[in-house]
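# Architecture and fold: a report
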Amino acid sequence: MEIIGSRRKSFLSPASDAAPTIPIYRSAPELEVRLEDFELYAVHRLRVLKGISDALSRGKKPNEMENVVKELLKVHMSHPEASQVMSKDIISHFVLRLVYCREEELRKWFLSMETTLFRYRFLLETSEAQIALMAEFDLPYKIITNAEYENLKDKLNKVARSMNSSADTIYYKAPFEKVPDLVARREVFIMKGYAYVARSQVVSLLVTHYRSHLSKALILTNRKWTSMIREQEKDRLTPIVEALSTSYLGPDYSQPKDFGEISLRDIDQIARSSFPLCMRYLFEKIKEDHHLKHGGRMQLGLFLKGVGLKLDDALAFWKSEFSKKVGAERFDKEYAYGIRHNYGKEGKRTDYTPYSCQKIISSTPGVGDHHGCPYRHLREENLRAALNNMGVANRALEDVMDKVRNKHYQLACTLTFEAVHGASCDQGINHPNQYYSDSKTILESRNNSKGT
Amino acid sequence: MVREEAENTREDMVIDGVENGHKPNYEIPDGFNSNYLKTYYVNFFPYAEMHKWMSYGNDGKHPGCDASYFGRREFSFTLENDIYLRFQSFKDVDDLEKAIKHQCPFKIDIGPVYSVDPKKRSAYGQSDGNVFRPVERELVFDIDISDYDDVRFCCKGADVCSACWPLMTVAIKIIDTALREDFGFNHILWVYSGRRGVHCWVCDGKARRLDDGQRAAIVNYLHVHKGNEHSIKKVTLVGQMFHPFIGRSAEVVKEFFEEKFVLSQNLFSDEDRYEKILEMIPDESITSELRGKWQDKKRTRDDINVVRWGQLKYLLQSGKQKMLGVRRCVEEIMFTFTYPRLDLEVFHIPIFSFILVSKHMNHLLKAPFCIHPKTGLFNMPPFSIHAVQDTHTHGRVCVPIDPKHCEDFDPSSVPTLSRLLEELNMRPLGSGGEINLENTSLGESYRYFKSSFLHPLLKSCKEDIENAYAAKVQQSSNSLSW
């Protein structure tokens, strides 16, 4: 795999007038790409893959997935210059190969998402484009002869009718293990180890080959990465690649804008109605204990900044709680500095950004800490109690706990959001401040419609 | 010679506390203990055949043979007191034999073939180049009659009788046919698990090299009976017509259910039992009509179960019934009772809503020709079709079952440890030395194992090794030629 850098090579010439089809990424492209685009394109594609991952975990059915993929591509993978869409597609795929080749778990995830992406892109294509793609794959399977078809017609028809559809006219004969998804659902006739795949089902064959090819390519990429590229690129591409697999991809909420500020008066009520569980939990703990350890102060403090709590109000809030335990003087001496620091008024004067879900989930709260992600870090009975307090019960509660058991913490939070607000949250929760702003949006629109 | 034999057996057979007044040598007390087991391992366990099987032709001299192959197979031993030893491996048949005779495992399990000798696994990390991982493993199925406890009323748990054992026969027929006709596998060994079930070993090269996803596909294809103790409807058959596999299986299911099972289990003569069936019918008017009919206790000329099943079928499938869901209930009921119930591990993969995996490559399964250690009283039900008087009921050998004649298999006639030891003692004078296994009650099992399973398998393995080698040679000579 060549590393794409600023070498003087020509751009991919715009595709001929044929409608854009799906690249199958057989070999690394001869393309020039700017360093900024190297990362940017990868991030955009990653949004698509993460969107697919989310949709799958939520159990979206195949016909829904087609739309999901179509939307994701439209939103993230377009480009102002139509001729650059294909380049972006190819470049982003190969950059992500570098990012995701490095560990078994990463490879599995990438393989799974890219294969799914391919499957639905294929299904979205026109018939002609599909045929062209099939030719590109150059599969070694033959279409059954008329004689064979006559022999098997009855059985092929039964299979079709078992799916409440009708038999196709063209069937490919392939070893059964090449279409495991069709075999698993008994959507194909098999005999003596061969599956008779209808023309309309050919995507399953292609997906198997696509997957197999990409799997091997990832192993090779990993070898090259470890033996050569990582060292060679340690000052340029390597840091980008290493950061990409753990990146949070949403807005950073460091500058609260949409909802103006919140005042201390409102904070209790806002916490009840619009805070995500992690922040509610911290908020309640500080009310209970009149203290929070460092991790909790950072997580809650930055979040409050993100929702629009001004520095003066923040100082007043923390002071009123802490002084009940440590006294006003000690608060001013030991804790005020930290709060001002968060707002960029001390020290480096960096404006710190509120933590994303990813960051919070991967934190490691210790004894006496209350920060972290409660879906991950709380014991089951405590989590259930906390959710009950938020008004999540019965079926909804069980659904949330099911996601927790499967380690889908953000999905658990999303379901909580949906249960509390009685509304769906399609893009999922990625950031506590996003939970807050989505909540406010819903509540404001309800207030508005009530008002009129 | 008798005394010498007696001397030998007395040493082998020391039983705790029984010093004086022990029974004459040719009557072995029933039971299972490690001394008996040792005698079994010394005299009866077929080491050479097991080694040949597990080598899959690699113990030959052909240059294509992989001499490391057998040594990379994992075995596990369960010793007395439940001590469990995993990752056992042996470099050849002598090594295997020595270890088994020395340790006398109560149970031997067979695991996968790994990339390297499992005993050396800690030398290998998880990094890409040098990984310890399974590379080959037979496709296996494990069917246990206790999974049918909700539909059999003659026995429960580990008990089996001639009324319910045929459920295993149905499972063998359906799965064996699918494996051969649909999936094209040829080298399939069915084994009695020693007490209450059967195991299936699919040994074709292609089967051994299937990955987890492909195994999942096969298991899902076969998986029709879904559901746990909480779901009422365990079988749902959708579609205007049946997939050919379902259609073929339906014939086996129907024949057994209608001709044997409703009768042997008295499914319709007891109100509790037939209520469970009525629950599966989605049409209240039909169920109440049937209930009404069946309150009538008058005697019928034919068996009451047959009559009532007939009435149920008539109502569900009469011309008046338009809803496919109602008509289909007939098959669904039959499948619910008698379709094979596979032992599965369930997990959720997002792409297909429920994918069930038979066993991952890692799993271990009991080896054939082991002895089942659990003692259990042989169940003598009041209405057994043929009552078998057998004083030897414990320590049954896990013998192969011929799928072509699986209806004839009778678990109560499977040789037990005590019967074999008795046969050992009854050898005529002067016949010392090694026992000829063919002349014991295990003889038929050995013959079947060797001629119907092992020889065809090894012939095919030899061809595969030779072809693979030839292809490799061809390939390297091609790459040199340009």
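The following paragraphs examine the structure supplied in this document. All of these numbers come straight from a predicted model, not from anything done at the bench.

The rules behind each value
- Residues numbered from 1 in each chain as written.
- Chains lettered and ligands numbered in written order.
- Predicted model: local features only at pLDDT ≥ 70, side-chain atom pairs only at ≥ 80, totals over all residues.
- Heavy atoms only, no water.
- Helix = DSSP H or I, 4+ residues; strand = E, 2+ residues; numbered from the N terminus.
- Buried < 20%, exposed > 50% of the residue type's maximum accessible area, 1.4 Å probe, protein only.
- Contact = heavy atoms within 4.5 Å.
- Areas by Shrake-Rupley, 256 points an atom, 1.4 Å probe, with all protein chains shown as cover.
- Salt bridge = Lys/Arg side-chain N within 4 Å of Asp/Glu carboxyl O.
- Buried area = accessible area lost by both parts, 1.4 Å probe.
- Polar contact = N/O pair within 3.5 Å; in protein donor to acceptor, adjacent residues only side chain to side chain.
- Nonpolar A, V, L, I, M, F, W, Y, C, P; charged D, E, K, R; others polar.
- Pairing = 2+ DSSP bridges.
- Axes fitted to C-alpha atoms, helices over the stretch in contact; angles between N-to-C directions.
- Phe/Tyr/Trp six-rings, centres within 6.5 Å; stacked < 30°, edge-to-face > 60°.
- Lys NZ or Arg CZ within 6 Å of the ring centre and 35° of its normal.
- Arc of directions from axis to C-beta.
- Expected span 1.5 Å × (residues − 1).

### Quick look at the overall build of chain B
On a plain count of helices and strands, chain B comes out with 14 helices and 11 strands. Counting across all 482 residues of chain B, residues that qualify as buried make up 50%. Taking the contacts inside chain B whose residues are at least 6 apart along the sequence as the reference set, 67% of them involve residues at least 24 apart. About 23200 Å² of surface is accessible on chain B, with carbon and sulfur atoms providing 51% of the total.

### Re the pattern of salt bridges
Side chains that differ in sign of charge can pair as their charged atoms come close. Per the counting criterion, the structure on display carries 50 salt bridges over all chains. Residues Arg208(B) and Glu136(B) are paired through a salt bridge, measuring 2.9 Å at the closest nitrogen-oxygen approach. Taken together, the positions of Arg208(B) in helix H6 (residues 205-208) and Glu136(B) in strand E4 (residues 134-136) put the pair 72 residues apart, joining distant regions of the chain. With relative accessibility at 6%, the residue Arg208(B) sits in the buried group. Here Glu136(B) falls in the buried class, since its relative accessible area comes to 10%. Arg180(B) is the salt-bridge partner of Asp176(B), the closest N and O atoms lying 2.9 Å from each other. You can see Asp176(B) and its partner Arg180(B) sitting in helix H5 (residues 166-182), four residues apart, about one turn around the helix. The exposure class assigned to Asp176(B) is buried, which follows from its relative accessible area of 8%. A network of salt bridges, in which partner residues are shared, links Arg45(A), Asp89(A), Glu114(A) and Arg121(A).

### Observations concerning the interface of chain A and chain B
Taken residue by residue, the interface counts 28 residues in chain A and 29 residues in chain B. Summed over both partners, the interface of chain A with chain B comes to about 2500 Å²; 60% of that surface belongs to carbon and sulfur atoms. Remark: the boundary between chain A and chain B carries two salt bridges. Between Glu181(B) and Lys192(A) there is a salt bridge whose closest N-O contact spans 3.7 Å. Here chain A is connected to chain B by 10 residue pairs in polar contact (both at pLDDT 80 or more). Broken down by secondary-structure element, the contributors of at least two residues to the side of chain A that touches chain B are helix H1 (35-57), helix H4 (104-124), helix H6 (146-162), helix H7 (180-184) and strand E3 (189-191) of chain A. At five residues, H6(A) tops the list of elements feeding residues into the side of chain A that touches chain B. Taken together, the residues of the side of chain A that touches chain B break down into 12 nonpolar, seven polar and nine charged.

### Quick notes on the sheet that holds strand E7 (residues 197-202) of chain B
All names here are of chain B. With antiparallel pairing, four strands are arranged side by side in an open sheet as E5-E7-E6-E11. Only two strands of the sheet have a single partner each, and these edge strands are strand E5 (139-144) and strand E11 (400-401). Bridge analysis of strand E6 (residues 188-192) against E11 gives two bridges, and the strand direction is antiparallel. From the neighbouring strand, Val 191 faces E11, where its bridge partner is Pro 400. Seen against the sheet, H5 touches E5, E6, E7 and E11 and runs at an angle of roughly 165° to E6.

### Looking at the environment of Phe118(A)
Residue and element names in this part refer to chain A. Within the element layout of this structure, Phe 118 appears in helix H4. In sequence terms Phe 118 and Tyr 41 are 77 residues apart; their C-alpha atoms lie 18 Å from each other. Aside from chain neighbours lying at most four places away, what touches Phe 118 is Ile 22, Ile 24, Phe 137, Leu 206, Val 207 and Tyr 210.

### So, the packing of aromatic side chains
Under the definition given, this model contains 53 aromatic pairs over all chains. Both rings, one in Trp165(B) and one in Phe409(B), keep their centres 5.7 Å apart while their planes meet at 40°; by these two values the pair is tilted. In this pair, Trp165(B) is assigned in the loop between E5 and H5 and Phe409(B) in the loop between E11 and helix H13 (417-425), connecting sequence segments 244 residues apart. Taking the relative accessible area as the measure of exposure, Trp165(B) reaches 5% and is therefore buried. Members of the aromatic cluster, joined through ring pairs, are Phe275(A), Phe283(A), Phe303(A), Phe317(A), Trp318(A), Phe322(A), Phe331(A), Tyr335(A) and Tyr436(A). A cation over an aromatic ring shows up here: Arg86(B) above the ring of Phe87(B), its NZ or CZ 4.3 Å from the ring centre. Between Arg208(B) and the ring centre of Tyr56(B), over which it is positioned, the NZ or CZ distance is 3.6 Å.

### Observations regarding the pairing of strand E3 (residues 107-114) of chain B
Residue and element names in this part refer to chain B. Counting buried positions over the eight residues of E3 gives seven, a clear majority of the element. As judged from the five bridges shared by strand E1 (residues 73-78) and E3, these two strands associate in the antiparallel manner. Paired with Thr 78 across the two strands is Lys 107, which belongs to E3. Here two bridges tie E3 to E4, and the two strands are oriented antiparallel to one another. Bridging from a neighbouring strand, Tyr 114 pairs with Pro 134 of E4.

### Some points on helix H4 (residues 93-103) of chain B
All names here are of chain B. Restricting attention to buried positions, one finds in H4 the residues Leu 96, Ala 99 and Ile 100. For H4, the angular spread of buried residues about the axis comes to 95°, placing them on one side. Of the exposed residues in H4, those oriented more than 90 degrees away from the buried face are Lys 98 and His 102. Those residues of H4 hidden inside the fold are in contact with helix H2 (34-43), helix H3 (47-55), E1 and E3. Sitting at the head of H4, Asp 92 places a side-chain oxygen 3.2 Å from the backbone nitrogen of Asp 94. Cys 104 lies just past H4 and shows a positive phi near 45°.

### Topic: the side chain of His93(A)
Note on placement: His93(A) falls in helix H3 (residues 84-100). Judged by relative accessible area, which is 0%, His93(A) ranks as buried.

### Thoughts on helix H19 (residues 394-405) of chain A
For an α-helix, 3.6 residues make a turn, and residues three or four places apart therefore share a direction. All names here are of chain A. For H19, which comprises 12 residues, the first-to-last C-alpha distance of 16 Å matches the rise-based estimate of 16 Å (1.5 Å per residue) to within 8%. Buried within H19 are the following residues: Leu 397, Val 400, Met 401, Lys 403 and Val 404. For H19, the angular spread of the buried residues around the axis is 155°, confining them to a single face. Those residues of H19 that are exposed and aimed more than 90 degrees away from the buried face are Arg 395 and Arg 405. Trailing H19 by a residue or two, Lys 407 shows a phi angle of about 65°, which is positive.

### Things to note about the pairing of E1(B)
Residue and element names in this part refer to chain B. Burial of E1 is extensive: six of the six residues sit out of reach of the surface. Of the two faces of E1, the one carrying Arg 73, Phe 75 and Phe 77 and the one carrying Glu 74, Ser 76 and Thr 78 are both buried. Relative to strand E2 (residues 84-88), E1 runs antiparallel, the two sharing three bridges. Of the residues in E2, the one forming a bridge with Thr 78 is Tyr 84. Counting the residues in the hairpin turn of E1 and E2 gives five residues, including Asn 81, whose phi is positive at 60°.

Fair warning: the whole summary comes from geometry, so function is off the table for now.
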